[in-house]
Amino acid sequence: HVQKTDLDNSEINFQGYEFADAGGNGDCGYRALSVAYAIQDGRGIDDALTAAKPMGATLRAQITSHISKYDHFKEFFAVDPRWTVELEGRPIPTTYSEWVEATARPNRWIDGPCLSTAATKLRRNIAIWKWEKDQWVKQTVTTPLPSHNKTWRMPPNILLCHCF
């Protein structure tokens with residue numbers, strides 16, 4: 001499913017998918033992932049959108065719990081120079097343990113490791129697309145963490161698009 005932010009042009013579509021805005025204030029990535037997953041799981045779009053905030057919060061808690069339990073990202077941790085107080089929802093974490101704690105912040109934007117963990121928890125590939133220069137451009141595809149998907153079949157995809 002696709003997240004819509006500022007596009008109202010009905011001519012701009014994405015491979016026949018319907019646009020849906022899950023809303024959010026720093027938690028839009030978590031909400032959009034939760035809504036897309038719920039719709040793929042058979043939940044109606046209106047019901048999924050109504051439940052976007054609590055579902056996004058639940059997904060965030062699951063991601064934080066998973067990251068706290070496993071140290072997948074510890075050896076690669078570095079402060080991202082793109083992080084800001086606004087994106088972090090509070091002060092920028094400077095250590096791995098601060099970052100793990102920061103993943104639970106309600107207004108913190110989703111980052112790469114959290115996106116990868118979301119793919120793992122949802123057992124889905126996550127494709128991010130962006131509207132640029134009058135066309136959709138793939139930004140990234142995130143797959144479940146290799147250490148957790150050994151017994152899985154090829155996971156289905158979740159498609160998220162943003163328009164800002």
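What counts, and at which threshold
Residues numbered from 1 in each chain as written. Predicted model: local features only at pLDDT ≥ 70, side-chain atom pairs only at ≥ 80, totals over all residues. Heavy atoms only, no water. Axes fitted to C-alpha atoms, helices over the stretch in contact; angles between N-to-C directions. Helix = DSSP H or I, 4+ residues; strand = E, 2+ residues; numbered from the N terminus. Parallel < 35°, antiparallel > 145°, perpendicular 65-115°, else oblique. Left-handed = near helix turned anticlockwise from the far one by under 90°. Contact = heavy atoms within 4.5 Å. Nonpolar A, V, L, I, M, F, W, Y, C, P; charged D, E, K, R; others polar. Core = buried A, V, L, I, M, F, W, Y, C linked by side-chain atoms within 4.5 Å. Buried < 20%, exposed > 50% of the residue type's maximum accessible area, 1.4 Å probe, protein only. Polar contact = N/O pair within 3.5 Å; in protein donor to acceptor, adjacent residues only side chain to side chain.

Enquirer: Would you mind going over the packing of helix α1 (residues 28–40) against helix α6 (residues 112–122) with me for this structure?
Expert: Put simply, α1 and α6 touch, their axes get as near as 12 Å, and they point 20° apart. Between α1 and α6, the angle falls in the class roughly parallel. For the pair α1 and α6, the sense of crossing is right-handed. Listed contacts from α6 to Y30, L33 and Y37 of α1 are C114, L115, A118 and L122. Taken together, the residues of the contact of α1 with α6 sort by class into seven nonpolar, no polar and no charged.

Enquirer: Please clarify how the nonpolar core should be interpreted in this entry.
Expert: A general tendency of soluble globular proteins is for nonpolar side chains to be buried together. Of all hydrophobic cores here, the largest spans 18 residues; its most connected members are L33, I63, I67, W99 and I126. Secondary structure elements with two or more residues in this core: α1, α3 (52–69), α5 (96–102), α6 and β3 (125–132). With sequence-adjacent residues up to four places away left out, W99 is seen in contact with I67, F73, F77, W83, P93, R108, D111, P113 and C114. By size, the runner-up hydrophobic cluster in this structure holds seven residues, among which are V35, A48, A51 and A52.

Enquirer: In this structure, what is going on with the side chain of R108? I would like to understand it.
Expert: Position of R108 relative to the elements: it lies in the loop between α5 and α6. For R108, a relative accessible area of 0% translates into the label buried. In terms of polar contacts, R108 uses its side chain to reach the side chain of E88, at 2.7 Å. Among residues more than four places away in sequence, those in contact with R108 are G26, Y30, R60, W83, L87, E88, G89, W99, A102, T103 and C114.

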